[in-house]
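Report on the structure
In case you want the letters, here they are:
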Amino acid sequence: MKVRIESSRIIKPIYEHTPPPTTSHISLSVFDKVTYEAHIAIIYAYRPPTPPNAAIELGLQKTLAIYREWAGRLSKDEHENQVILLNDEGVRFVEASIDSTLDQVMPYKPSPSLLKLHPSLNDVKELVQVQLTRFTCGSLVVGFTAHHTVADGHSTSNFFVAWGQACRGLRVSPLPLHDRTIFNPRNPPLIEYKHKGVEFMSKIKKECSLNEVHHISNDIVVHKVHFTVEFLAKLKAKASSMNDNNKPYSTFESLVAHLWRSITKARGLSGFETTQI
């Protein structure tokens, strides 16, 4: 897959009224601090007709005026706590093209070639990057990366909805909540659930030999699974038949349980060890 970069630039928010000051910042919540400091990549592919890049860019600029954190930068306050500067430095906006159709190059399974449809993450300072890749068939692929400290999956989905609304000239709704202090720990702390060790894994890597590292790196398999409607119906019926409450499990519950049993079996855990999801 040969991707030709047409342009790469920084775009900044566009405000309808007087721009807000660019000297303020937002403190991170406890949940922001424990998440991984990595960029999360998302990719969307659209068949024609698609709007022009200029309309998508303008919609993004209007959205950034509402989601200001996304156009900011990570920094530290006077107490060395990590914060998001609301300096409107902007996001990376890349325009690219490919001399082939979408069907000719798009892999049906996860592939390293898909990385070419995203902006490079080498020495990146922007918290959000967007790449619009056009194909000869008129299709459009939107490659999007966002720093996990800034947003989780739910807020990222809301951002995409707002971006689409702005592109169509609609009012953005719902508006985002910027106050992350609602998640401040209680004083004194009140621990009602054992989160540590259950929801959060230690970031300290276990010591292992070079041979073990080599074995682990070669033993990772990325596989995309498609579950048919028939398989899901059979799985749900089997799971629900074992429910003593005579209440059927949902498709989601049945599939998650099936996947977790498969994962637990693949990990080779002892039959006396309790696992949780």
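Residues numbered from 1 in each chain as written. Predicted model: local features only at pLDDT ≥ 70, side-chain atom pairs only at ≥ 80, totals over all residues. Heavy atoms only, no water.

**Section: a nonpolar patch on the surface**
- On the surface, a nonpolar cluster with roughly 500 Å² of combined accessible area is contributed by Val30, Phe31, Leu177, Ile182 and Phe183.
- As for its position among the elements, phenylalanine 31 is in helix H1 (residues 30-34). (Patch = residues over 30% accessible without salt bridge, like charges linked within 9 Å, V, L, I, M, F, W, Y side chains within 5 Å. Areas by Shrake-Rupley, 256 points an atom, 1.4 Å probe, with all protein chains shown as cover. Salt bridge = Lys/Arg side-chain N within 4 Å of Asp/Glu carboxyl O. Helix = DSSP H or I, 4+ residues; strand = E, 2+ residues; numbered from the N terminus.)

**Remarks on the packing of aromatic side chains**
- Going through the model one piece at a time under the given rule, you end up with 14 aromatic pairs.
- With 5.2 Å between their ring centres and 90° between their planes, tyrosine 67 and phenylalanine 159 make a pair best called edge-to-face. A residue pair is termed long-range when its members are at least 10 positions apart, and tyrosine 67 in the loop between helix H2 (53-64) and strand E4 (73-76) and phenylalanine 159 in helix H4 (residues 153-167) qualify at 92 residues.
- A centroid spacing of 6.2 Å and a plane angle of 55° characterise the contact between phenylalanine 159 and tryptophan 163, whose relative ring orientation is tilted. Separated by 4 residues within a single helix, phenylalanine 159 and tryptophan 163 lie in helix H4, roughly one turn from each other.
- Overall, the relative accessible area of 0% leaves phenylalanine 159 in the buried class.
- Connected via pairs of aromatic rings, a cluster forms that spans Tyr44, Tyr46, Tyr67, Trp70, Phe144, Phe159, Phe160 and Trp163. (Phe/Tyr/Trp six-rings, centres within 6.5 Å; stacked < 30°, edge-to-face > 60°. Buried < 20%, exposed > 50% of the residue type's maximum accessible area, 1.4 Å probe, protein only.)

**A short note on the side chain of threonine 63**
- Within the secondary structure, threonine 63 sits in helix H2.
- We classify threonine 63 as buried; its relative accessible area is 0%.
- Apart from the residues lying within four places of it in its own chain, the contact partners of threonine 63 are Phe159, Ala162, Trp163 and Ala166. (Contact = heavy atoms within 4.5 Å.)

**Regarding the nonpolar core**
- Formed by 26 residues in total, the largest nonpolar core has its most connected members in Leu60, Trp70, Val130, Phe144, Phe159 and Trp163.
- Put simply, the parts of the chain that give this core at least two residues each are H2, strand E6 (91-98), strand E7 (128-135), strand E8 (140-147) and H4.
- Aside from chain neighbours lying at most four places away, what touches tryptophan 70 is Leu64, Val91, Leu127, Val128, Phe144, Ala146, Val150, Ala151, Ser155, Thr156 and Phe159.
- Counting 9 residues, the second-largest nonpolar core is a separate cluster that includes Leu102, Val105, Leu114 and Leu117. (Core = buried A, V, L, I, M, F, W, Y, C linked by side-chain atoms within 4.5 Å.)

**Details of the pattern of salt bridges**
- Enumeration according to the criterion identifies 8 salt bridges in this entry.
- Note that arginine 47 and aspartate 103 form a salt bridge whose closest N and O atoms lie 2.7 Å from each other. Linking arginine 47 in the loop between strand E3 (39-46) and H2 with aspartate 103 in helix H3 (residues 102-105), this pair joins segments that are 56 residues apart in sequence.
- The exposure class assigned to arginine 47 is partly exposed, which follows from its relative accessible area of 48%.
- In this structure, a network of salt bridges that share partners links the residues Arg4, Glu6 and Asp99.

**A look at the side chain of serine 100**
- By the secondary structure assignment, serine 100 is in the loop between E6 and H3.
- The contacts of serine 100, once residues within four sequence positions are left out, are Val105, Phe135 and Thr136.

**Structural notes on the packing of H2 against H4**
- Here H2 crosses H4 at 120°, and the two axes come no closer than 8 Å. Judged on the interaxial angle alone, H4 and H2 are oblique. Crossing geometry of H2 relative to H4 is assigned as right-handed. Seen from H2, the contacting residues are Ala55, Ile56, Gly59, Leu60, Lys62, Thr63 and Leu64; seen from H4, they are Phe159, Ala162, Trp163, Ala166 and Cys167.
- Across the contact of H2 with H4, the residue classes tally to 9 nonpolar, 2 polar and 1 charged. (Axes fitted to C-alpha atoms, helices over the stretch in contact; angles between N-to-C directions. Parallel < 35°, antiparallel > 145°, perpendicular 65-115°, else oblique. Left-handed = near helix turned anticlockwise from the far one by under 90°. Nonpolar A, V, L, I, M, F, W, Y, C, P; charged D, E, K, R; others polar.)

**Concerning a positive patch on the surface**
- On the surface, a cluster of positive charge is contributed by Lys234, Lys238, Arg261 and Lys265.
- Among the secondary structure elements, arginine 261 is positioned in helix H7 (residues 251-266).
- According to the relative accessible area criterion, arginine 261 is exposed, its value standing at 64%. (Lys, Arg positive; Asp, Glu negative; His and termini not counted. Charge placed at Lys NZ, Arg CZ, Asp CG, Glu CD.)

The values are spatial; any link to function lies outside them.
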